[in-house]
Amino acid sequence: MAIKFGRPIELRGDTPRVVEAAAPRLDLAIRPRRNRKAEWARRLVRENVVTTDDLIWPVFIIDGNNTRSPIASMPGVERLTVDQIVRDAERAVKLDIPCLALFPYTEPGLRDEVGSEALNADNLVCRAVRAVKAEFPDIGILCDVALDPFTSHGHDGLIREGVILNDETVEVLVRQALVQAEAGCDIIAPSDMMDGRVGAIRAALDSAGFLDVQIMAYAAKYASAFYGPFRDAIGSAKTLSGDKRTYQMDPANSHEALREVELDIAEGADMVMVKPGLPYLDIVRRVKDTFAMPTFAYQVSGEYAMIAGAAANGWIDGDRAMLESLIAFKRAGADGILTYFAPKIADMLQAHR
Ligand code: PBG
């Protein structure tokens, strides 16, 4: 299904009529404005579209029953108990959104130095995967692989004397991936940025018989200030000691992103991701052009908060800013977008079918 994204916004206020049919003053044979003269003409020459097929909807899970709790720094986004996640999955199915991404808020008492809860086959993520799959087996489910929702220090890996350990962390991530695959997860998405984790996870999935479980690598993931609201949502903002710059990428680098992506593809990634989104569209374009792989962009929590927050204050038109930001990802070459706007844009697309 391909729905032109422009209609909802273009419907408001049409093209001004020509007031006077004056003789041309400039000697211009070529007038690019001709192709923009009316909505039908703009639709005809439009190069990119956003469709519901492009969407992955990230959702936050909390323990409990029948509860939806708002996240202050992400207006319109809530943490949901497992039963409510299933209701959102139902909404996603009705809206034709292909895939959900699950992120847990782990109770502080369950967090420890080594992120043990990540390996609990009955943790929130695994329970949510099983609950959704029981009712809606045909929706895709993506699970993040990283330890930050589970560690007392908020880092994605194991720490010794202030150093994030690479190879020891990869061993744990492999086990986390297996636990999630066992629960029924379709796409394993390592977001930790340890070296070699994609290859290790691929090998372990294959030898456990999970040949069809896909890997979407957070391949070029930058150490970004735009993750702030997400860390509020999963409760790691207050606990995070230091920053993640020894494993996430330096925002100043672009060639390095290509090396990271190349490695993840060589190690067996089925899809690659660039994160954050809008500030890194140049990376999305380079990755797509260089590797021609299924390429995704994550419009992260801070990007969402900027648009939703400004809209809530009446400073921008939130719907138009959302549409414009999403079409920008497609223009940059992304095949799909992880976005907290997924249900909203899907609603709009459905309404204008
Ligand atoms: C966990 C993870 C993060 C995000 C996705 N997975 C945060 C981080 O790396 O600190 C960010 C998503 C967002 O900001 O919306 N490693």
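These numbers come from a predicted model, not from an experiment. (Residues numbered from 1 in each chain as written. Predicted model: local features only at pLDDT ≥ 70, side-chain atom pairs only at ≥ 80, totals over all residues. Heavy atoms only, no water.)

**What about a nonpolar patch on the surface?**
Then comes step 1: Together, Trp 40, Leu 44 and Val 45 make up a nonpolar patch on the protein surface, roughly 360 Å² of accessible area in all.
Then comes step 2: Exposure remark for Leu 44: the relative accessible area of 67% places this residue in the exposed category. (Patch = residues over 30% accessible without salt bridge, like charges linked within 9 Å, V, L, I, M, F, W, Y side chains within 5 Å. Areas by Shrake-Rupley, 256 points an atom, 1.4 Å probe, with all protein chains shown as cover. Salt bridge = Lys/Arg side-chain N within 4 Å of Asp/Glu carboxyl O. Buried < 20%, exposed > 50% of the residue type's maximum accessible area, 1.4 Å probe, protein only.)

**Structural notes on helix 3 (residues 82-95)**
Then comes step 1: With 14 residues, helix 3 should cover 20 Å at 1.5 Å per step; its first-to-last C-alpha distance of 20 Å lies within 8% of that length.
Then comes step 2: What helix 3 keeps buried is the set Val 82, Gln 84, Ile 85, Val 86, Asp 88, Ala 89, Ala 92 and Leu 95.
Then comes step 3: For helix 3, the secondary structure elements touched by its buried residues are strand 1 (55-61), strand 2 (68-70), strand 3 (78-80), strand 4 (99-104), helix 4 (124-135) and helix 12 (342-351).
Then comes step 4: Asp 96 lies just past helix 3 and shows a positive phi near 70°. (Helix = DSSP H or I, 4+ residues; strand = E, 2+ residues; numbered from the N terminus. Expected span 1.5 Å × (residues − 1). Contact = heavy atoms within 4.5 Å.)

**Some points on the site of the ligand**
Then comes step 1: The full set close to the ligand counts 19 residues, and Lys 221, Arg 231, Lys 275, Ser 301 and Tyr 340 are the nearest of them.
Then comes step 2: The contact in question runs from an oxygen atom of the ligand to an N or O atom on the side chain of Lys 221, over 2.7 Å.
Then comes step 3: Here an oxygen atom of the ligand sits 2.6 Å away from a polar atom, N or O, in the side chain of Tyr 340.
Then comes step 4: Looking at the shell around the ligand, the elements with two or more residues in it are strand 9 (214-221) and helix 7 (228-233).
Then comes step 5: Class assignment of the residues belonging to the shell around the ligand gives a composition of nine nonpolar, three polar and seven charged. (Near = heavy atom within 4 Å. Polar contact = N/O pair within 3.5 Å; in protein donor to acceptor, adjacent residues only side chain to side chain. Nonpolar A, V, L, I, M, F, W, Y, C, P; charged D, E, K, R; others polar.)

**What to know about the state of the cysteines**
Then comes step 1: On inspection of all chains with the given rule, the structure shows zero disulfides.
Then comes step 2: Not part of a disulfide, Cys 99 finds its nearest cysteine sulfur in Cys 185, a span of 8.4 Å.
Then comes step 3: Looking at Cys 99, the relative accessible area reads 6%, which means it is buried.
Then comes step 4: Free cysteine: Cys 185, not disulfide-bonded; nearest cysteine sulfur from Cys 143 at 3.5 Å.
Then comes step 5: Cys 185 sits in the buried class, given a relative accessible area of 3%. (Disulfide = S-S within 2.5 Å.)

**Side note on the environment of Asp 96**
Then comes step 1: Along the polypeptide, Asp 96 turns up in the loop between helix 3 and strand 4.
Then comes step 2: Judged by relative accessible area, which is 40%, Asp 96 ranks as partly exposed.
Then comes step 3: In sequence terms Asp 96 and Asn 120 are 24 residues apart; their C-alpha atoms lie 31 Å from each other.

**A few points about the side chain of Lys 244**
Then comes step 1: Mapped onto the secondary structure, Lys 244 falls in the loop between helix 7 and helix 8 (255-267).
Then comes step 2: Ignoring any residue separated from it by four or fewer positions in sequence, one finds Lys 244 in contact with Asp 148, Gly 154, His 155, Asp 156, Ala 223 and Arg 231.

**Looking at the pattern of salt bridges**
Two side chains of opposite charge can pair, provided their charged atoms sit close to one another.
Then comes step 1: Counted by the stated rule, this structure contains 22 salt bridges.
Then comes step 2: Put simply, Arg 285 and Asp 289 hold a salt bridge, and the shortest N to O gap is 3.0 Å. Note that Arg 285 and Asp 289 are positioned in helix 9 (residues 281-291) at a spacing of four residues, about one turn of the helix.
Then comes step 3: A relative accessible area of 54% places Asp 289 in the exposed class.
Then comes step 4: For Lys 288, the salt bridge goes to Asp 335, with nearest N and O atoms at 2.8 Å. Here the residue Lys 288 occupies a position in helix 9, and Asp 335 occupies one in the loop between helix 11 (318-331) and strand 12 (336-339), the gap between them amounting to 47 residues.

**A short note on the pairing of strand 12**
Taken residue by residue, a regular strand's side chains alternate between the two faces of the sheet.
Then comes step 1: The alternating pattern of strand 12 places Gly 336 and Leu 338 on one face and Ile 337 and Thr 339 on the opposite face, and all of these are buried.
Then comes step 2: As paired strands, strand 1 and strand 12 are joined by two bridges and run parallel to one another. Following the sheet pairing, Ile 56 is matched in strand 12 by Leu 338.
Then comes step 3: One ladder, built from four bridges, connects strand 11 (residues 295-299) with strand 12; its direction is parallel. Considered in strand 12, the bridge of Gln 299 is made with Thr 339. (Pairing = 2+ DSSP bridges.)

**Some details on the packing of aromatic side chains**
Then comes step 1: A complete count under the given rule lists nine aromatic pairs for this structure.
Then comes step 2: Residues Tyr 304 and Phe 341 carry aromatic rings whose centres are separated by 4.6 Å and whose planes lie at 45° to one another, so their mutual orientation is tilted. Placement of the pair is Tyr 304 in helix 10 (residues 301-312) and Phe 341 in the loop between strand 12 and helix 12, with a sequence separation of 37 residues. Assigned by exposure class, Tyr 304 and Phe 341 land together as buried.
Then comes step 3: What links up through ring pairs into an aromatic cluster is the set Phe 60, Phe 103, Tyr 218, Phe 230, Tyr 298, Tyr 304, Tyr 340 and Phe 341.
Then comes step 4: Across the ring face of Tyr 298, the terminal group of Lys 275 is positioned such that the distance to the ring centre comes to 5.1 Å. (Phe/Tyr/Trp six-rings, centres within 6.5 Å; stacked < 30°, edge-to-face > 60°. Lys NZ or Arg CZ within 6 Å of the ring centre and 35° of its normal.)

**Focus on helix 9**
Then comes step 1: Of the positions making up helix 9, those classed as buried are Leu 281, Ile 283, Val 284, Val 287 and Lys 288. Projected down its long axis, helix 9 carries its buried residues within an arc of 155°, all on one side.
Then comes step 2: Count one or two residues on from helix 9 and you reach Ala 292, which has phi positive near 50°. (Arc of directions from axis to C-beta.)

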